[in-house]
Amino acid sequence: MGTLWQDIRYGFRMLVRNPGFTAVAVLTLALGIGANTAIFSVVNAVLLQPLPFQDPDRIVQISTHLQKSGTTLPYSNLSDFAKIQSRNHVFEDVAAIQYQALVDIGGDEPRSVLVERVAREFFTLLGVQPMLGRGFRPEEGQPGKDRVLVLSHPYWKERYGAEPNIIGQTATFKDKVYTIIGVMPPDFRFLDYPDVWKPLSMTAEELSSKNSFGSQMIARLKSNVSFEQAQAELNLISSQLMQEYPGNAVERGFHLTPLHKRLVANVRPALWVLFGAVGFVLLIACANVANMLLARSIGRQREVAVRMALGAGRLRLIRQFLTESLLLSIMGGLCALFLTACSLDLITAFLPSTVPCLPEIQIDGWVLCFALSVSVLTAVMIGLAPFLRLSKTTVHQALREGSFNIISGPRQNSLHNVLLVSEAAMSLILLIGAGLMINSFWRLTTIDLGFDRENVLSVPVTCVESIHEQPEPYFEALKNRISQLPGVQTVGFGTLPLFGSRALVEFNMPGRD
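So, how was this worked out
Residues numbered from 1 in each chain as written. Predicted model: local features only at pLDDT ≥ 70, side-chain atom pairs only at ≥ 80, totals over all residues. Heavy atoms only, no water. Helix = DSSP H or I, 4+ residues; strand = E, 2+ residues; numbered from the N terminus. Contact = heavy atoms within 4.5 Å. Buried < 20%, exposed > 50% of the residue type's maximum accessible area, 1.4 Å probe, protein only. Pairing = 2+ DSSP bridges. Core = buried A, V, L, I, M, F, W, Y, C linked by side-chain atoms within 4.5 Å. Phe/Tyr/Trp six-rings, centres within 6.5 Å; stacked < 30°, edge-to-face > 60°. Salt bridge = Lys/Arg side-chain N within 4 Å of Asp/Glu carboxyl O. Axes fitted to C-alpha atoms, helices over the stretch in contact; angles between N-to-C directions. Parallel < 35°, antiparallel > 145°, perpendicular 65-115°, else oblique. Left-handed = near helix turned anticlockwise from the far one by under 90°. Nonpolar A, V, L, I, M, F, W, Y, C, P; charged D, E, K, R; others polar.

S.K.: Looking at this structure, I do not really get the environment of Ile-347. What am I missing?
M.R.: Of note, Ile-347 is situated in helix H11 (residues 314–350). In this view, Ile-347 contacts Ala-38 and Val-42; residues no more than four positions away in its chain are not counted.

Okay, structure coming up:
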C-alpha cells in the first residue's frame, strides 16, 4: 500500500510538471468519456431500466392484428376490450385508454386540456396510487357516474397553484362539471403527457361499434400465467368473436407485446446505433492519448534506464505508468460527469416527446458506475502503449538508448503506427456513417411528394368540436380571416396532417356489407 501511494504522488507530480500535456489529455478523455456517459444515461433510462410500475415485466399491450393486410395496429376496439375483459382467465386486470380533448372554462380564460379516458382498473393495473386523494371506484366506470377527475401533477401546479385542499373541489369543463378526486405524483407518466384522467364509461354506441379502433389496451398477466398461455387464450377469444360478429366486421386477431418493448420499439435501434458511434469516439480519444503517452515515454527513457539500473522491476515500472494513466482517466471522468450534467437537458430537449421515461434520464448510481468503469477501462487501454514498449526493453538497451538518444527505431515505432492507423480507420468509419446519414436526410428532403411543398404551412387546430357547437361555420370564418392575411394565397383544412398519422374509421357503403 505504501508503494501504491508513492506511485500516486509521483504520478501526480509528473502530471503537474507537464500542465500542457495534462490539460490536452484530460480534455480529450473528458470528451470521449462524457459523450459515452451522456448517451448511456439515455440508454439506461429508456432501454435498460424497467418501467416505473409495479412488476412491469407482467404488463403487456394488446394490439390489433388485421388478418387480410397482415398489419398490426397499436390500437384496439372498445367492444373487443369489453369482451376480453369479461372472457379472459389469464389477466389480473385489463384496461383501455382513449384520448379526448376538452376545454376547461373554470379559469380566467378557456384552455385546451388533454384527457385520458381510462378504465377504472388503470391505476390498479399499473400499481400506482395518486399522491393526493384516490383513484377510480368500480361504480365510476358507469355512464352518469363518471364525473370525476384525477389531475396530473403539472396541471395541478399550473392550473390550481398546487393547492393542497384540491380534493373535493369542482372543475368546470365545456361539456359538464367534474369533481376532483386525486392528484398523481410528479414522476407518473404513461404513453403521453395528459392533463387529467377521467373514467372510461362506454356508451352503447361504443360497445356496438366493431370496426372503430381509437383506443389502446393494456393488461397485467397473472403470476402463474406465461406469455405464451396468454397469447393462446387471446387467439381463442379472437376466433370466438369472429364467429359472433356480423359479416361486416374486420377480420382481426390480437397480438400480445411486453409493454416496455412496445414503448421503446421506435427508439431502440437509433439509441443503440448512437451508443455505438460514441463508443468509436471514445476509442479515438484513447488512441490519441495513448500516442501522447507513448511519445512522452520515449522522452522518459533516461529516467526509466536509471530506475531499472537501480533495481526497479518491469512490473514496478508498468504499475507506475498505469497509475499515471489512471490519474488522467479519473480526472477526465470527473470532467466528463460535469459535461454530462450540463448536456442532459439539451439532449432531453432534442428527444421526441414520445420517448418513454424522459423524466428518468439523469445521473444516477448506474451512470456513475458506468463512468467509473469506462474511466478505469480507458486507463488500462491508454496505459498499454508504454507497457507494450517497456515489455521488450532490457536494462542494457534502456541504458544505451537513454544515454545516447531518445529517438526510437522501427521496432518502437510499430506500436505508434498501429495506433495512428487504428485512429484513422475509426475516424473514417464515423465520417462514412455521418456522410450516409447526411445523404439520407438530403434525399428525404428532396423526395417528390406529389405536390408543391414550397411555402406550404401546416397548423394544428384542436378542440374545435368542444368549443363550438357547429364546427363548419367556425372553419368557414377561420378560412376567411386567414385568407385576408398578407401573403396567404390559399387555405385548406383536413382531418389528419400530411404524413403525420393514420386512423381506422368505420364507414358504411349503401348496398354493400
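On we go from here.
S.K.: I tried to follow the pairing of strand E11 (residues 252–258) on my own but got confused; where do I start?
M.R.: Counting buried positions along E11 gives 5 out of 7 residues, so the element sits mostly inside the fold. Relative to E11, strand E1 (residues 59–66) is paired through 7 bridges, and the arrangement is antiparallel. Note that in E11 the partner of Leu-66 across the bridge is Arg-252.

S.K.: Any chance you could explain the nonpolar core here in plain terms?
M.R.: Soluble globular proteins tend to bury their nonpolar side chains together. Counting 46 residues, the largest nonpolar core has Phe-91, Phe-122, Leu-126 and Phe-188 as the members making the most contacts within it. A per-element tally of this core places strand E3 (residues 91–104) first, with 5 residues. Contacts of Leu-126, omitting those with residues within four sequence positions, involve Phe-53, Gln-54, Ile-59, Phe-188, Phe-190, Ile-218 and Arg-220. Counting 37 residues, the second-largest nonpolar core is a separate cluster that includes Phe-40, Val-43, Val-267 and Val-289.

S.K.: Honestly, the packing of aromatic side chains in this entry has me stumped. Any pointers?
M.R.: Ring pairs (aromatic) are described by centroid distance and by the angle formed between their planes. Within the structure shown, the criterion is met by 15 aromatic pairs. Ring plane angle 40 degrees and centroid distance 5.6 Å describe the contact between Phe-123 and Phe-136, whose orientation is recorded as tilted. Taken as a pair, Phe-123 in helix H4 (residues 122–126) and Phe-136 in the loop between strand E5 (132–133) and strand E6 (148–151) lie far apart in primary sequence, 13 residues in all. Residue class for Phe-123 comes out buried when judged on its relative accessible area of 4%. Following the ring pairs from residue to residue traces out a cluster consisting of Phe-53, Phe-122, Phe-123, Phe-136, Phe-188 and Trp-197.

S.K.: Help me out: how do you make sense of the pattern of salt bridges in this one?
M.R.: Should their charged atoms come close, side chains of opposite charge can pair. Taken as a whole and assessed by the stated rule, the structure comprises 7 salt bridges. For the salt bridge of Arg-58 with Glu-92, the shortest nitrogen-to-oxygen distance reads 3.3 Å. You can see Arg-58 sitting in the loop between helix H2 (19–48) and E1 and its partner Glu-92 sitting in strand E3, a full 34 residues away along the chain. For Glu-92, a relative accessible area of 40% corresponds to the partly exposed category. Of the charged contacts in the structure, one is a salt bridge between Glu-121 and Arg-120, with a shortest N-O distance of 3.4 Å. On the accessibility criterion, Glu-121 (9% relative accessible area) is buried. The network of salt bridges with common partners includes Asp-55, Arg-58 and Glu-92.

S.K.: What should I look at first to understand the packing of helix H3 (residues 78–87) against helix H7 (residues 227–244) in this one?
M.R.: Packed helices, taken two at a time, are described by the angle their axes make and the gap between the axes. Remark: H3 packs on H7, axes separated minimally by 11 Å, with the N-to-C direction vectors making an angle of 125 degrees. In terms of their interaxial angle, H3 and H7 are classed as oblique. For H3 against H7, the interelement crossing comes out right-handed. Residue-level contacts link Asp-80, Lys-83, Ile-84 and Arg-87 of H3 to Glu-233, Leu-234, Ile-237, Gln-240, Leu-241 and Glu-244 of H7. Grouping the constituent residues of the contact of H3 with H7 by class yields 4 nonpolar, 1 polar and 5 charged.

The values are spatial; any link to function lies outside them.
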